[in-house]
Amino acid sequence: MPLPLDPVIEKIIPLLPLRDPETMTPQSCRDSLRALAEARKAVPPPPVDVARDIAVAGAAGKLGARLYRNGRGTAPTVIFFHGGGWVAGDLETHDRQARNLVIDTGAVVISVDYRQPPETRFPGAFEDAFAAIRDVVARIAEFGGDLSRVGVAGDSAGGNLAATTALACRDAGIRLAGQLLVYPVTDVVGNFADADENAKFPSRAENADGYFLTRATMQWFCGHYLADKAEGADWRVSPLRAKSLKGVAPAVVTTAWFDPLRDEGHAYAKALQAAGVPVSYHSGEGLIHGYFGLGDASEAARAEAQRARADFRVLLEQGV
């Protein structure tokens, strides 16, 4: 039997934002995530030696980014994409996640602030993410300095960007040491509103409401990212629909048990394995979507996130 909902997280859920898509706007969505980050400022962030703002190339110009690292000298380099349903999230909302990634992997982490919908719709975020990877690889001497140890990582919509850009890297001949996909979105065909598509993933019904991220909120996010529902079949937003996953970088895939995205994340892990890709999978029992950001409060969340990052560290150290 799976573990029950972590009691600490159960108490936190009513305090979390983004649970009313009927009244939510893109700006209120962004404001609420930023307010959540601001509310935690009294808790010192995980310490790193360097945290400085930089710029990287996007698909239509420069993007804001932040470089984090400990120590000096050659190290793995990870390009990180924040979550927030493609619509929200930024360098500040995911500052702690980036810092923890540095601490637990020993990598240089570059967090990228990609363009967001509805101002820039699909495939804008994907194109920015891939352009940022290309730029970091081209300038690797400025960062970690080791082309054999480059990885991508992201949570939720950022996990979607990490997964899809890992496919693009394979096709472009850019070799990645690994990808860390944290409760990723992997299949948006039907925009989470089609009963037949939803039935393929039982977690969309089991966890449709009550555990922070809801199915209705995912429908809202998809409606803002995609200008046309037909775009959902494109592998650049639905990596589970890619014709082939063979040859993509080794992966660490995490899901959360009480998350509508659980089953599509698990399906992607299994599809990668079926294609011969080495995969480490973490099921996130007792946890909800967003638990990588709840480690300060929940020991269960902290421990599960650390286990996933430890597996990612192994991939980065092995290199390509």
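Residues numbered from 1 in each chain as written. Predicted model: local features only at pLDDT ≥ 70, side-chain atom pairs only at ≥ 80, totals over all residues. Heavy atoms only, no water.

Peer 1: Can you lay out the sheet that holds strand E8 (residues 279-282) for me, pointing to particular residues and giving the numbers?
Peer 2: Pairing is mixed across the open sheet formed by 8 strands, whose spatial order is E1-E2-E4-E3-E5-E6-E7-E8. Of all strands in the sheet, those bounded by a partner on one side alone are strand E1 (50-57) and E8. Neighbour to neighbour, the strand axes of the sheet diverge by 20 degrees on average, direction disregarded. Where strand E3 (residues 77-81) lies against strand E4 (residues 108-112), 5 bridges are found, and the strand directions are parallel. Opposite Phe81, over in E4, you have Val112 as the bridge partner. Running over the sheet, helix H3 (residues 95-105) touches E1, strand E2 (62-69), E3, E4, strand E5 (150-155) and strand E6 (178-182) and is turned about 45 degrees from E2. Those strands touched by helix H5 (residues 157-172) are E3, E5 and E6, and its axis lies near 150 degrees from that of E5. (Pairing = 2+ DSSP bridges. Helix = DSSP H or I, 4+ residues; strand = E, 2+ residues; numbered from the N terminus. Axes fitted to C-alpha atoms, helices over the stretch in contact; angles between N-to-C directions. Contact = heavy atoms within 4.5 Å.)

Peer 1: I'd love a proper account of H3, names of residues and values included.
Peer 2: The buried count for H3 comes to 9 of 11 residues, which makes it a mostly enclosed element. Within H3, the full set of buried residues consists of Asp95, Arg96, Gln97, Ala98, Arg99, Leu101, Val102, Asp104 and Thr105. Backbone geometry just after H3 places Gly106 at a positive phi near 75 degrees. (Buried < 20%, exposed > 50% of the residue type's maximum accessible area, 1.4 Å probe, protein only.)

Peer 1: Any chance you could break down the pairing of E2 for me, citing the residues and the numbers?
Peer 2: Among the 8 residues of E2, 6 are classified as buried, and the element is accordingly described as predominantly covered. Relative to E2, E1 is paired through 8 bridges, and the arrangement is antiparallel. Residue pairing for E2: Arg52 is matched across the bridge by Leu67. Pairing of E2 with E4 involves 4 bridges; the strand directions are antiparallel. Bridge assignment links Leu67 to a residue of E4, and that residue is Ile110.

Peer 1: Report on the packing of helix H4 (residues 124-138) against H5, specifying residues and quantitative values.
Peer 2: Packing of H4 against H5 leaves a shortest axis separation of 9 Å and a crossing angle of 55 degrees. What the angle tells us is that H4 and H5 run oblique. Seen from above, H4 lies across H5 with right-handed handedness. In this structure, H4 uses Ala125, Phe126, Ala129, Phe130, Ile133 and Arg134 to contact H5, whose residues at the interface are Leu161, Thr164, Thr165, Ala168, Cys169 and Ala172. Of the residues belonging to the contact of H4 with H5, the class tally is 9 nonpolar, 2 polar and 1 charged. (Parallel < 35°, antiparallel > 145°, perpendicular 65-115°, else oblique. Left-handed = near helix turned anticlockwise from the far one by under 90°. Nonpolar A, V, L, I, M, F, W, Y, C, P; charged D, E, K, R; others polar.)

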